[in-house]
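# Inside the fold
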Number of protein chains: 2
Amino acid sequence: MPFRPVLLILSVALALGPSVATAAPRVVLAIHGGAGTLPRAELGPELEAGMRADLARALKAGHAVIAKGGSALDAATAAVVILEDSPLFNAGRGSVLNAEGVAELDAAIMEGHTRRAGAVAGLTRVRNPVLLARRVMEDSPHVMLIGAGAEAFADSVGIALVEPGYFVTPRRRAELEAAKARERESAGAAWRRSPFHIGTVGAVALDRDGRLAAATSTGGRTNKRWGRVGDVPVIGAGTWADAGCAVSATGWGEYFIRVGVAHAICARVAFKGESVEAAAAAVLADVADLGGDGGVIVLDPRGNATLPYNTHGMARGTIDAEGRVDIRLWED
Amino acid sequence: MPFRPVLLILSVALALGPSVATAAPRVVLAIHGGAGTLPRAELGPELEAGMRADLARALKAGHAVIAKGGSALDAATAAVVILEDSPLFNAGRGSVLNAEGVAELDAAIMEGHTRRAGAVAGLTRVRNPVLLARRVMEDSPHVMLIGAGAEAFADSVGIALVEPGYFVTPRRRAELEAAKARERESAGAAWRRSPFHIGTVGAVALDRDGRLAAATSTGGRTNKRWGRVGDVPVIGAGTWADAGCAVSATGWGEYFIRVGVAHAICARVAFKGESVEAAAAAVLADVADLGGDGGVIVLDPRGNATLPYNTHGMARGTIDAEGRVDIRLWED
């Protein structure tokens, strides 16, 4: 059997190949804290430092899960919970307020290799919507629950509810007042044009078994009305994961739904063999063609990540298998 | 110039080619009244005759719109309104009842060439949910509205609300009682296994300008809880239209969301160049692999229609440009 050793060496070389051949780090977690970040001068150094610190905490929490051999699902969940709990991002505490001054929250989660999914919309009393989305996925026969019914389910599985006031911060109250003032000045047309309404948090993760997961959470848009739901809890629009690709989106939700952004990116990867970079760029261009804007974070099973956006800025970061963190808010 | 006449004849032959070469009629409207139709013996001749008559009325109403040069959007809307008003299908009047005995309605509509879309979920007082979905699309800056907020929007644009009792029929009350009895017998596990919970109505239409539209409406599943929302109002899951393909789905909504059925079919048509038949078959096989079932109706801009399903039956029909109707409930 003279060929056996040669074959073995070849196999080892092939298995090591990708990590040897490329200098790009293998990203295990990418996160975003929303497209539409204010310009540096308007944001101010204090808020910038706070956002960077919370993004770093989220990345490290997710990385710790992966490093211990945990699942992509657990890593994405851990990262999003930290961003929901931070008052600096538009999700969980610190969410933007609807026209009635109430935070109305949406979230979704999806696991790639099983395509299990959970989504919740129109919550006003669930502290961590992403945790409820996950319980819907794991402990109900359903994928999507909304409103008071979703909160009754939360109560039935032992998820603690909070008072609606928990989510409200002075900054978001001021933003709502400003939005209402603009609306009065422009006789109702302001909603369409305001640039201050984008924001969401999300994560895409890759575990040691090569499994992907995506999670997204949001308070939606300032001054929203009529039980408006954006792309976040629409599986395939703001959140999607399959065996080859995971996406969490942030942007003008209506356009992201109409393009089916998250699923369209992964369909290009699966059906056209495109890289995540090429697929994400093509789909964001499609959003722009319709008149929308925003960004996405995308990860494939080889640890290739892409985090493009076409807004002024997008709070975002990655962490690789070795724990190296890269955080950016603008082009830098 | 001796070749001119030959070229002209060739061009005419090529232009006529498709319609001369194939006997298949150019379908301008396809509709469904839900996958999971009872076997003929259980359904009974009276219900079967009623369903066939209402499906024919819906097809003719949509065809009349197209024949007058109207839009695919108007045709799909007209067909779905008739099926919502019929007490024989699970949408609008005659919808199945949730665990509280209330009809909780979802609907969506999408226009192919503009990819404008509207969706509503969790309605209890809107007589024709598809009409509200259309107003969301045309008269709001939003795509998706849910619950009481969606009904407040309906009221604000002059859509008349009805009492929740309007939707309730004796047949659906009996089905709910039967579902609750099964649930008691099996200690809660019945929900997952019951075969009697599928049903939806929908339409896909093609107008003389080659434009596509899709619309879907449903009462969801008998004995549903917790504000459960299925695939119908999830743009990309139960409803999708783009320039090359329109889909309305009916089936076990949770699986249809997890596969992104409607968008996946059109992505295969767009990105892989598959026929609507091949794309729909592949995506329904994907649903079956995960453990789900149901059906879809799909139409392309050349009038190729496919109406596959993997349940016992699916109420469905097509009408071609000349007004020829084809209605089926089972394999027949």
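Look a little higher up for the structure.
First things first, this report covers the structure right here in the doc. Because the structure is predicted, anything quoted here is derived from the model rather than measured.

About the thresholds
Residues numbered from 1 in each chain as written. Chains lettered and ligands numbered in written order. Predicted model: local features only at pLDDT ≥ 70, side-chain atom pairs only at ≥ 80, totals over all residues. Heavy atoms only, no water. Least-squares fit on C-alpha atoms with pLDDT ≥ 70 in both. Contact = heavy atoms within 4.5 Å. Buried area = accessible area lost by both parts, 1.4 Å probe. Salt bridge = Lys/Arg side-chain N within 4 Å of Asp/Glu carboxyl O. Polar contact = N/O pair within 3.5 Å; in protein donor to acceptor, adjacent residues only side chain to side chain. Helix = DSSP H or I, 4+ residues; strand = E, 2+ residues; numbered from the N terminus. Nonpolar A, V, L, I, M, F, W, Y, C, P; charged D, E, K, R; others polar. Pairing = 2+ DSSP bridges. Disulfide = S-S within 2.5 Å. Axes fitted to C-alpha atoms, helices over the stretch in contact; angles between N-to-C directions. Buried < 20%, exposed > 50% of the residue type's maximum accessible area, 1.4 Å probe, protein only. Expected span 1.5 Å × (residues − 1). Arc of directions from axis to C-beta. Phe/Tyr/Trp six-rings, centres within 6.5 Å; stacked < 30°, edge-to-face > 60°. Lys NZ or Arg CZ within 6 Å of the ring centre and 35° of its normal. Core = buried A, V, L, I, M, F, W, Y, C linked by side-chain atoms within 4.5 Å.

Screw-axis analysis of chain B against chain A gives a translation of 0.0 Å along the axis, an RMSD of 0.0 Å, and a rotation angle of 180°. The two molecules are tied by a two-fold rotation axis, judged by turn and shift. Of all interface residues in chain B, 100% are interface residues in chain A too; the two copies therefore contact each other through one and the same surface.

The next point concerns the interface of chain B and chain A. At the interface, 42 residues of chain B touch 42 residues of chain A. Carbon and sulfur atoms supply 67% of the area buried between chain B and chain A, which totals about 3700 Å² over both sides. Of all residues in chain B, the largest losses of buried area upon contact with chain A belong to Trp226, Arg258 and Phe271 of chain B, amounting jointly to 22% of the total for that side. The salt bridge involving Asp286 of chain A is made with Arg115 of chain B; its shortest N-O contact spans 2.7 Å. Linking chain B to chain A there are 15 residue pairs in polar contact (both at pLDDT 80 or more). Of all elements in the fold, only β3 (117-123), β4 (144-146), α6 (147-156), α8 (190-193), β7 (228-229), α9 (253-259), α10 (261-272) and α11 (276-290) of chain B reach the threshold of two or more residues within the side of chain B that touches chain A. By residue number, the principal contributor to the side of chain B that touches chain A is α10 of chain B, which donates 6 residues. Considered class by class, the residues forming the side of chain B that touches chain A number 23 nonpolar, 9 polar and 10 charged. Relative to β4 of chain B, strand β7 (residues 228-229) of chain A is paired through 2 bridges, and the arrangement is antiparallel. The residue bridging Arg228 of chain A from the neighbouring strand is Leu145 of chain B, located in β4 of chain B.

So, on to the environment of Asn310 of chain B. Residues and elements named next belong to chain B. With respect to the helices and strands, Asn310 occurs in the loop between β11 (305-306) and β12 (314-320). Distance in space between the C-alpha atoms of Asn310 and Gly165 is 33 Å, their sequence separation being 145 residues. Apart from the residues within four sequence positions on either side, Asn310 is in contact with Leu284, Ala288, Gly292, Asp293 and Gly294. In this structure the side chain of Asn310 is engaged in a polar contact, spanning 2.8 Å, whose partner is the backbone nitrogen of Gly294.

As a further point, take the state of the cysteines. Residues and elements named next belong to chain A. In total, this model carries 2 disulfides over all chains according to the counting rule given. A sulfur-sulfur separation of 2.2 Å characterises the disulfide bridge that pairs Cys245 with Cys266. Taking the sign of the torsion about the S-S bond as the criterion, the disulfide between Cys245 and Cys266, at about -75°, is left-handed. In this pair, Cys245 is assigned in strand β9 (residues 245-251) and Cys266 in helix α10 (residues 261-272), connecting sequence segments 21 residues apart.

With mixed pairing, 9 strands are arranged side by side in an open sheet as β13(A)-β12(A)-β1(A)-β5(A)-β6(A)-β2(A)-β3(A)-β4(A)-β7(B). The strands lining the two open edges of the sheet, one partner per strand, are β13 (325-328) of chain A together with β7 of chain B. The strands that helix α3 (residues 45-67) of chain A touches are β1 (27-35), β5 (201-206), β12 (314-320) and β13 of chain A; relative to β1 of chain A, the one it contacts most, it runs at about 150°. Across the sheet, helix α6 (residues 147-156) of chain A is in contact with β3 (117-123) and β4 (144-146) of chain A; its angle to β4 of chain A comes to roughly 110°.

Next up on the list: the side chain of Thr318 of chain A. Inspection of the secondary structure assignment puts Thr318 of chain A in strand β12. The residues contacting Thr318 of chain A, other than those within four sequence positions of it, are Val27, Leu29, Ala30, Leu59, Leu307, Arg324, Val325 and Asp326 of chain A.

Attention now moves to the pattern of salt bridges. All names here are of chain B. Tallying each qualifying case throughout the model produces 42 salt bridges over all chains. Note that Glu175 is salt-bridged to Arg172, the shortest N-O span being 3.0 Å. Pair noted here: Glu175 and Arg172 are both in helix α7 (residues 170-185), with a separation of 3 residues, about one helical turn. The class for Glu175 is partly exposed, based on a relative accessible area of 25%. With a relative accessible area of 6%, Arg172 lands in the buried category. Note that Arg228 and Glu254 form a salt bridge whose closest N and O atoms lie 2.8 Å from each other. Residue Arg228 is found in strand β7, and its partner Glu254 is found in helix α9; the two are separated by 26 residues along the sequence. Take Arg228 and Glu254: they sit in the same class, and that class is buried.

Residues and elements named next belong to chain A. With 15 residues, helix α11 (residues 276-290) should cover 21 Å at 1.5 Å per step; its first-to-last C-alpha distance of 21 Å lies within 8% of that length. Those residues of α11 that sit buried are Val276, Ala279, Ala280, Val283, Leu284 and Val287. The arc that holds every buried residue of α11, seen down its axis, measures 125°, which confines them to one face. Each element contacted by the buried residues of α11 is listed here: α9 (253-259), α10, β10 (294-299) and β11 (305-306). Following α11 by one or two positions, Gly291 adopts a phi angle in the positive range, close to 110°.

Attention now moves to the pairing of β10 of chain A. Residues and elements named next belong to chain A. Of all 6 residues in β10, 6 are buried, a share of seventy percent or more. Burial along β10 is two-sided: Gly294, Val296 and Val298 facing one way and Gly295, Ile297 and Leu299 facing the other are all buried. Bridge count for β9 against β10 is 6 bridges, and the pairing is antiparallel. Paired with Val247 across the bridge in β10 is Val298. The pairing of β10 with β11 spans 2 bridges and is classified as antiparallel. Along β11, the bridge assignment pairs Val298 with Thr306. Where β10 folds back on β11, the antiparallel hairpin that results is connected by 5 residues, among which Gly303 adopts a positive phi of roughly 85°.

Okay, the packing of aromatic side chains next. To describe a pair of aromatic rings, you give the distance between the ring centres and the angle between the ring planes. Residues and elements named next belong to chain B. Under the defined criterion, the tally for this structure stands at 6 aromatic pairs over all chains. On the numbers, 5.1 Å between centres and 80° between planes, the contact of Trp252 with Tyr255 is edge-to-face. Among the residues examined, Trp252 registers a relative accessible area of 14% and is labelled buried. For the cation-ring pair, Arg93 lies above Tyr166, with the distance from its terminal atom to the ring centre recorded as 6.0 Å.

Turning our attention to α6 of chain A. Residue and element names in this part refer to chain A. Among all positions of α6, only Gly147, Gly149, Ala150, Glu151, Phe153 and Ala154 are buried. Buried residues along α6 sit against β3, α5 (129-139) and β4. One or two residues past the end of α6 sits Gly158, with phi positive at roughly 85°.

Take the nonpolar core next. Core analysis: the largest hydrophobic core is formed by 98 residues, its most contacted members being Ile235, Ile265 and Val296 of chain A together with Ile235, Ile265 and Val296 of chain B. Not counting the four nearest positions on each side in its chain, Ile235 of chain A is found in contact with Ala108, Ile109, Met110, Ala117, Gly118, Ala119, Val143 and Trp240 of chain A together with Val234 and Ile257 of chain B. Membership of the second largest hydrophobic core comes to 56 residues, among which are Ala107, Val136, Ala150 and Leu176 of chain B.

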